[in-house]
Amino acid sequence: MKLDEVRAAEEKMLLPTYERNPILFVGGEGVYLIAEGGLRYLDLLSGIGVNALGYRHPAIVNTVAEQSQKLIHISNLFFHDGQAKLALRLTAASGFDRAFFCNSGTEAWEAALKLARAYAGLKRSEGSPLGTKFLALEHSFHGRTMGSVATTHKEKYREPFAPVMPDVQFVRFNDIDDLKAKFSPEVCAILIEAIQGEGGINPVSQEFFAAARALTQSTGALLICDEIQSGLGRTGKWFAYQHYGIQPDVTTLAKPLAGGLPLGAMLCTEEAARAIHPGMHGTTFGGGPLACAVAVSIIDAIEKEQLLQYVTETGTYFQNQLRSLAAKHPVIVDVRGLGLMLAAELDSAELAKKVVAEMLVRRILINRTSETVLRFLPPYILDKEHIDEAIEALDDIFTEQAPQTAISSTTGAKK
């Protein structure tokens, strides 16, 4: 099917949940996506942080071919060796004891929320006065299912589905006093993204993270860290919380875990896991043989190719280049992030939208989040030459847009 045919079919039959760009991709190689007609696009978004090894990486291609000849799916009523192998790798990398596998990030987050409520109930039965309340952060994003969306701060995600799950209160980002004021024994868990993704690539402060850890330890509440976008090497460590030297009680991950196959995971301590027994929770497709085999091969590739160190080095170079760009163009008001989870915040939502569109014209894929933030989530195999290409394109765009920005400012049209 050609692009026009696909668009017409989707407009007639699909629920309109995304505003798609008018490009039909038919393949990929390395850090490039390939559109119909053979046009190559430098992908600095990697499927919103999913394609950590880029496209057609041998580790993934070979594993899919091999495992698909064996088993793709069996019921979780029976054993296969994939879940144990993957759980061993993830617990070793994360410092946790147990794993639950599911289909997506939002399902992993749902499992974490259910675990927190179940654990609080267990503790109450043992004499601890834990309640059912969650503290989440302003600007957070944890997914789109009903529990996840209830703990997501932006009203546009929650309001259409109200009333959402009760007993969620939002804390001002990095405001320790607000956190302490809202914390009590009624709280069963504090919910944190070490680096907020959809919220604009905002790292939580060391002091705030430490305060959250101390508060939860004072009552026995759980500290739950969402690593769905930042986890599995994106920041140069396996998990972003490892930059802080703070170990949560629960974490969730998904996006890069199986290289594009649906797979999420919740990891937790042995203590928290006491609250779950057979029959309380489950999933049909989570942790299937194919997805688990691919996930193990991705972890193997990250280790074999020393990609954690490479992400750190390449991310530092990328961030420095963005900072040099900011020094040249005052419309860039901030550059932040860790590893290859980076952002350049602009002083105008309109400008940010234009930049994303102009980069697309130049066949470079990025996106905009929190209205004014340019987000970069490239594959871990990105080279410096790709970064230089992107920086040069951004430089050209900002230079071209500068006169228009100045005109808008003087006429009062700039927002």
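Caption draft 1: Main features of empty space enclosed by the protein. For the coordinates displayed, the defined rule picks out two cavities of 30 Å³ or more. Estimates place the volume of the second largest cavity at around 30 Å³. Every residue along the wall of the second largest cavity is listed here: Val 50, Asn 51, Ala 52, Leu 53, Gly 54, Ile 60, Pro 256, Gly 259 and Ile 298. Partitioning the lining of the second largest cavity into residue classes produces six nonpolar, three polar and no charged.

Caption draft 2: A look at unusual backbone geometry. Cis peptide bonds are those with omega within 30 degrees of zero, and the linkage from Ala 162 to Pro 163 qualifies with 0°. Along the polypeptide, Pro 163 turns up in the loop between helix H7 (155-158) and strand E6 (168-171). Phi is positive for Ser 46, close to 45°, though the residue is something other than glycine. Its place among the elements puts Ser 46 in helix H2 (residues 46-49). On the accessibility criterion, Ser 46 (0% relative accessible area) is buried. Positive phi outside glycine occurs at Glu 371, with the angle close to 70°. On the secondary structure map, Glu 371 appears in the loop between strand E16 (367-369) and strand E17 (373-376). The partly exposed category is assigned to Glu 371, whose relative accessible area is 44%.

Caption draft 3: Up close: the pairing of strand E13 (residues 332-338). Note that E13 and strand E14 (residues 341-346) share six bridges and pair antiparallel. What sits directly across from Arg 336, in E14, is Ala 343. Where E13 folds back on E14, the antiparallel hairpin that results is connected by two residues, among which Gly 339 adopts a positive phi of roughly 55°.

Caption draft 4: Layout of the packing of aromatic side chains. Within this structure, the stated rule accounts for six aromatic pairs. Judged by centre distance (5.1 Å) and plane angle (70°), the rings of Phe 141 and Tyr 157 are edge-to-face. Here Phe 141 is found in the loop between strand E5 (133-137) and helix H6 (146-150), whereas its partner Tyr 157 is found in helix H7, with 16 residues between them in sequence. Residue Tyr 157 is classed as buried on the basis of its relative accessible area of 14%. The structure contains a cluster of three or more aromatic residues connected by ring pairs, namely Phe 96, Phe 239 and Tyr 241. Directly above the aromatic system of Tyr 32 lies the positively charged group of Arg 40, at a separation of 4.6 Å from the ring centroid. Its guanidinium or amino end placed over the ring of Tyr 317, Lys 384 lies 4.9 Å from that ring's centre, counting from NZ or CZ.

Caption draft 5: Quick look at helix H5 (residues 105-125). Between its first and last C-alpha atoms H5 spans 30 Å; for 21 residues at 1.5 Å apiece the expected length is 30 Å, and the two agree. Of all 21 residues making up H5, 15 are buried, and the element is well covered by its neighbours. Between the side-chain oxygen at the start of H5 and the backbone nitrogen of Glu 107 there is a gap of 3.3 Å, and the oxygen is on Ser 104. Backbone geometry just after H5 places Gly 127 at a positive phi near 105°.

Caption draft 6: Representation of the pattern of salt bridges in the model. Tallied over the entire structure, the rule returns 21 salt bridges. Arg 274 is the salt-bridge partner of Glu 126, the closest N and O atoms lying 2.9 Å from each other. You can see Glu 126 sitting in the loop between H5 and E5 and its partner Arg 274 sitting in the loop between helix H10 (270-273) and helix H11 (289-304), a full 148 residues away along the chain. A residue is classified by how much of its surface remains accessible, and Arg 274, at 40% relative accessible area, is partly exposed. When the shortest N-O distance is used, the salt bridge between Arg 368 and Glu 371 registers 3.3 Å. Each member of the salt-bridge network shares a partner with another, and the members are Arg 172, Asp 175, Asp 178 and Lys 182.

Caption draft 7: The confidence of the model for the chain, seen in detail. On average, the chain scores 95 in pLDDT, and the residues at 70 or more come to 97%. In this model residues 409-415 is a low-confidence stretch, pLDDT under 50, and it forms seven contacts with partners more than four residues away in sequence or in other chains.

Thresholds applied
Residues numbered from 1 in each chain as written. Predicted model: local features only at pLDDT ≥ 70, side-chain atom pairs only at ≥ 80, totals over all residues. Heavy atoms only, no water. 1 Å grid on protein atoms, 1.4 Å probe; cavity = no way out; pocket = protein on both sides within 12 Å on 5 of 7 lines; lining within 4 Å. Points joined across faces, edges and corners; volume = space filled by probe spheres on them. Nonpolar A, V, L, I, M, F, W, Y, C, P; charged D, E, K, R; others polar. Helix = DSSP H or I, 4+ residues; strand = E, 2+ residues; numbered from the N terminus. Buried < 20%, exposed > 50% of the residue type's maximum accessible area, 1.4 Å probe, protein only. Pairing = 2+ DSSP bridges. Phe/Tyr/Trp six-rings, centres within 6.5 Å; stacked < 30°, edge-to-face > 60°. Lys NZ or Arg CZ within 6 Å of the ring centre and 35° of its normal. Expected span 1.5 Å × (residues − 1). Polar contact = N/O pair within 3.5 Å; in protein donor to acceptor, adjacent residues only side chain to side chain. Salt bridge = Lys/Arg side-chain N within 4 Å of Asp/Glu carboxyl O. pLDDT = per-residue confidence, 0-100. Contact = heavy atoms within 4.5 Å.

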